Amino acid sequence: MAVRTGEQFLVGLRDDREVWLGGERVADVTFHPKMARMAQTLAGIYDLQHSPEFRERMTFTSPTSGEPVALSYLVPETQDDLTRRRGALEIVAESCHGMLGRTPDYVNIQLTASRQLSAIFGEKDPRFSAHLREYHEYVRERDLCLTHACGHPQVNRSVGLSELPDPYIAVGVVDTCAEGVVVRGAKNLATLAPFSDEIFAPLYRPLRPDVEEDRKYCIGFSVPSNIKGLKFICRPSHDLGEPLGDYPLSGQFDEMDSLAVFDDVIVPWERVFLLDDVDLGNRTVTQVALWRHYMQQVAVKNIAKLEFILGIVRGITEGIGIGVYGHVQEKTAEIIDTIETCRAYMRAAEADAVPLEGAEGIWPAPEPWIAMRHWYPDAYARVVAIVQQLAASGLMLTPNEADLASSLAADIAKYYQAMTMAAPERVRLFRLAWDLIGTEFGSRQTLYERFFNGDVVQLRIRRYAQYDYSRAEESVRRFMGEVYGDLADQ
Ligand SMILES: Cc1cc2nc3c(=O)[nH]c(=O)nc-3n(C[C@H](O)[C@H](O)[C@H](O)COP(=O)(O)OP(=O)(O)OC[C@H]3O[C@@H](n4cnc5c(N)ncnc54)[C@H](O)[C@@H]3O)c2cc1C
């Protein structure tokens, strides 16, 4: 099957999936008043693949079916392939102004990178490698939308998984049977889950090799989102059901986050990629650097989002006449620097891509991505602080569309105008800025940028332990030698 249309994507969501929102089971995520607009947004992204303008730039010819399939499933073999994939990512990110982190291409690329490394999974049992490759093809040919869920519930972070109050708080294996592996527990968390066709659940953190009770958590798998026993418990929707004019971002880009609960779900054997091998599992966690590929999507999203924010800031600063102040210019330039730093990291990672031993295709360089991943959460929070500083009270003292249409129109025209804008334009620009950083949707954006890619604190602790200090140490040793002479002579 070729790439799907938006309508085909929506039809695929109309099944008996178990999605819970506000204490109620959602009958149909494509019609629910607080979910339907996001479903439509995703449908629009699927439709892009069919538009005459973008079709060629978003697809490649499937090596098995000969049909056009999404470029996020391409195993990149050359620099050109990476550039081509970036082009497709840009079309998606720019279509939503970077407001969605989890467009389907994000997990598609993770799955493609997993396939590229499938040999590792099959080192002891080649079936696992075959499962990954076949699954990649299965998803690619059906153009499915995936969510992924890695962590476990935030119950007690200071003990191992098997020491939590219930051994199946984290997802663990309960049993095996002829059809597959029975799993129980929860994954924290799955963005986009209500709108997904499948959930991809790799092992995420190393397990303790010497603790027998931990072995049950050694499983990597995927299942359809509507499989029996799987439920998604959603956070409150940020789509308040209010007019889009009042909440221009919340009203169409709430990608939704949920806890994925597995109540004795039977994972079919062909969907199991890792099982009961802690040594191998821990190596997949430490060696399988899927981020070397999916960070390209992250960088493209960051750039699209920051350019959108810069446009909003520019409108505000020019609009209310504050662009004349030096500190406003300096803060605006800080956002520009943030955009260009993301671009530089991205181009460096792409330019230094190399083949990886034991893996298919080429792999973007790790160092620029690691630095970007560690730096960006604070950089984004700083951008949010700049928007707050520059927009000030205008962020919240802003009428809505009903006010604009009311008998207040004359007052609004007088008091809410800006130097370069009539009142409606100014009001809408500030409401956009508020939705970007101030509403529940906006706050979640900042939280997302801080944590979606892991906890930077722990990532940096790992970096401290693993970094190759030899050049730094040699630099100081050479300097000391030049100034004080060779220690051996003293
Ligand atoms: C909006 C959003 C969307 C997300 N989407 C997804 C998704 O789609 N799929 C997915 O799999 N995950 C997703 N995540 C989860 C994300 O990967 C985690 O939030 C992140 O890894 C941090 O884990 P945690 O939230 O459980 O925090 P915790 O691990 O509970 O950390 C809480 C605090 O304790 C500290 N801490 C905890 N343990 C340690 C330790 N061992 N050493 C030092 N400090 C420690 C942390 O530094 C942090 O300050 C998402 C998160 C957010 C916020």
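Residues numbered from 1 in each chain as written. Predicted model: local features only at pLDDT ≥ 70, side-chain atom pairs only at ≥ 80, totals over all residues. Heavy atoms only, no water.

Let's shift gears to the overall build of the protein. In terms of helices and strands, the protein carries 17 helices and 14 strands. With the principal axes as the frame, the protein shows a C-alpha extent of 75 × 75 × 50 Å. Within the protein, the proportion of its 490 residues that are buried is 54%. For the protein, the proportion of contacts with a sequence separation of at least 24, taken over those separated by at least 6, is 76%. Carbon and sulfur atoms make up 54% of the accessible area of the protein, which totals about 21,900 Å². Between the averaged position of the 51 positive side-chain charges in the protein and that of its 70 negative side-chain charges there is a distance of 2 Å. (Helix = DSSP H or I, 4+ residues; strand = E, 2+ residues; numbered from the N terminus. Buried < 20%, exposed > 50% of the residue type's maximum accessible area, 1.4 Å probe, protein only. Contact = heavy atoms within 4.5 Å. Areas by Shrake-Rupley, 256 points an atom, 1.4 Å probe, with all protein chains shown as cover. Lys, Arg positive; Asp, Glu negative; His and termini not counted. Charge placed at Lys NZ, Arg CZ, Asp CG, Glu CD.)

This paragraph deals with the nonpolar core. Among the nonpolar cores identified, the biggest contains 139 residues, and F195 and F262 are the most heavily contacted of them. Inspection of this core shows a minimum of three residues originating in each of domain 1 (6-286) and domain 2 (291-466). Apart from the residues lying within four places of it in its own chain, the contact partners of F262 are V171, V183, R184, G185, K187, I199, F221, V223, G229 and L230. (Core = buried A, V, L, I, M, F, W, Y, C linked by side-chain atoms within 4.5 Å. Domains from an automatic or database assignment.)

Read from one edge to the other, the open sheet built from six strands follows the order 2-1-10-11-7-6, with strand pairing classed as mixed. Every other strand in the sheet has two partners, leaving strand 2 (24-25) and strand 6 (172-176) as the edge strands with one partner each. As defined by bridge partners, strand 10 (residues 230-234) adjoins strand 11 (residues 257-268) across five bridges and the pair is classed as antiparallel. Paired with I233 across the strands is L259, a residue of strand 11. (Pairing = 2+ DSSP bridges.)

On to the UniProt feature "domain: HpaB/PvcC/4-BUDH N-terminal" (unreviewed entry) in the protein, then. The positions UniProt marks with the feature "domain: HpaB/PvcC/4-BUDH N-terminal" (unreviewed entry) are residues 5-274. Secondary structure across residues 5-274 divides into 28% helix and 23% strand, with the first and last C-alpha atoms of the span separated by 33 Å. (UniProt positions renumbered as here; feature names shortened; annotations may be inferred.)

Let's shift gears to the packing of aromatic side chains. The description of two aromatic rings rests on the distance between their centres and on the angle between their planes. Following the criterion strictly, the structure yields 13 aromatic pairs and no others. With a centroid separation of 4.4 Å and 5 degrees between ring planes, the pair formed by Y448 and F452 is classed as stacked. For Y448, a relative accessible area of 7% puts it in the buried group. F452 sits in the buried class, given a relative accessible area of 16%. One aromatic cluster is present, built from ring pairs that chain together Y106, Y294, Y448 and F452. (Phe/Tyr/Trp six-rings, centres within 6.5 Å; stacked < 30°, edge-to-face > 60°.)

When cut into domains, the protein gives domain 1 (6-286) and domain 2 (291-466). Inter-centroid distance (C-alpha atoms) of domain 1 to domain 2 is 25 Å. Facing the 44 residues of domain 1 at the interface are 38 residues of domain 2. When domain 1 packs against domain 2, the two sides together hide about 3,700 Å² of surface, and 57% of this comes from carbon and sulfur. Summed over the shared surface of domain 1 and domain 2, the result is five salt bridges. Between R444 and E255 there is a salt bridge whose closest N-O contact spans 3.0 Å. If you look at where domain 1 meets domain 2, you find 23 residue pairs in polar contact (both at pLDDT 80 or more). Looking at the side of domain 1 that touches domain 2, the element that brings in the most residues is helix 4 (residues 79-95), giving eight residues. Its residues assigned to classes, the side of domain 1 that touches domain 2 shows 17 nonpolar, twelve polar and 15 charged. (Buried area = accessible area lost by both parts, 1.4 Å probe. Salt bridge = Lys/Arg side-chain N within 4 Å of Asp/Glu carboxyl O. Polar contact = N/O pair within 3.5 Å; in protein donor to acceptor, adjacent residues only side chain to side chain. Nonpolar A, V, L, I, M, F, W, Y, C, P; charged D, E, K, R; others polar.)

Evaluation of the coordinates by the stated rule reveals 36 salt bridges. Among the salt bridges present, the one from R4 reaches D197, with a minimum N-O distance of 2.8 Å. With R4 in the segment before helix 1 (6-13) and D197 in the loop between strand 7 (180-191) and strand 8 (198-201), this residue pair connects regions lying 193 residues apart in the sequence. In this structure D197 comes out as buried when scored by relative accessible area, which is 10%. Taken together, the shared-partner salt bridges in this structure form one network comprising R235, D254, E255, D257 and R444.

Here we come to helix 14 (residues 423-437). Note on helix geometry: an α-helix contains 3.6 residues per turn, so any two residues three or four positions apart are oriented the same way. For helix 14, spanning 15 residues, the distance from its first C-alpha to its last is 21 Å, which sits close to the expected 21 Å at 1.5 Å a residue. A large share of helix 14 lies buried, amounting to eleven of its 15 residues. Among the residues of helix 14, A423, R426, V427, L429, F430, R431, L432, A433, D435, L436 and I437 are the ones counted as buried. Those residues of helix 14 hidden inside the fold are in contact with helix 9 (291-319), helix 11 (366-391), helix 12 (401-404), helix 13 (409-415) and helix 15 (440-451). (Expected span 1.5 Å × (residues − 1).)

Once that is clear, we can look at the environment of P194. Topologically, P194 is positioned in the loop between strand 7 and strand 8. Separated by 212 residues in the primary sequence, P194 and S406 place their C-alpha atoms 38 Å from one another.

Taken together, 20 residues surround the ligand, and among them R102, R157, L189, T191 and D455 come closest. The side chain of R102 places a nitrogen or oxygen atom 2.4 Å from an oxygen atom of the ligand. Between a nitrogen atom of the ligand and a side-chain N or O atom of T191, the distance comes to 2.7 Å. Alone, the ligand offers 960 Å² of accessible surface; in the complex the protein occludes 74% of this. Looking at the shell around the ligand element by element, the count peaks at four residues for helix 15. Residues lining the shell around the ligand come from more than one domain, with at least three contributed by each of domain 1 (6-286) and domain 2 (291-466). (Near = heavy atom within 4 Å.)

The next point concerns a nonpolar patch on the surface. Side chains of V476, F479, M480, V483 and Y484 sit close together on the surface and give an oily, nonpolar patch of about 520 Å² of accessible area. Within the secondary structure, M480 sits in helix 17 (residues 470-484). (Patch = residues over 30% accessible without salt bridge, like charges linked within 9 Å, V, L, I, M, F, W, Y side chains within 5 Å.)

Pairing is mixed across the open sheet formed by four strands, whose spatial order is 5-8-9-12. The open sheet has two free edges, formed respectively by strand 5 (146-148) and strand 12 (272-275), since each of these has just one partner strand. Strand-to-strand, the axes of this sheet are offset by a mean angle of 20 degrees, without reference to chain direction. Pairing of strand 5 with strand 8 involves three bridges; the strand directions are parallel. If you follow H148 over to strand 8, its bridge partner there is F200. Its contacts with the sheet place helix 7 (residues 126-142) against strand 5, strand 8, strand 9 (219-224) and strand 12, and it is angled at close to 150 degrees to strand 12. (Axes fitted to C-alpha atoms, helices over the stretch in contact; angles between N-to-C directions.)

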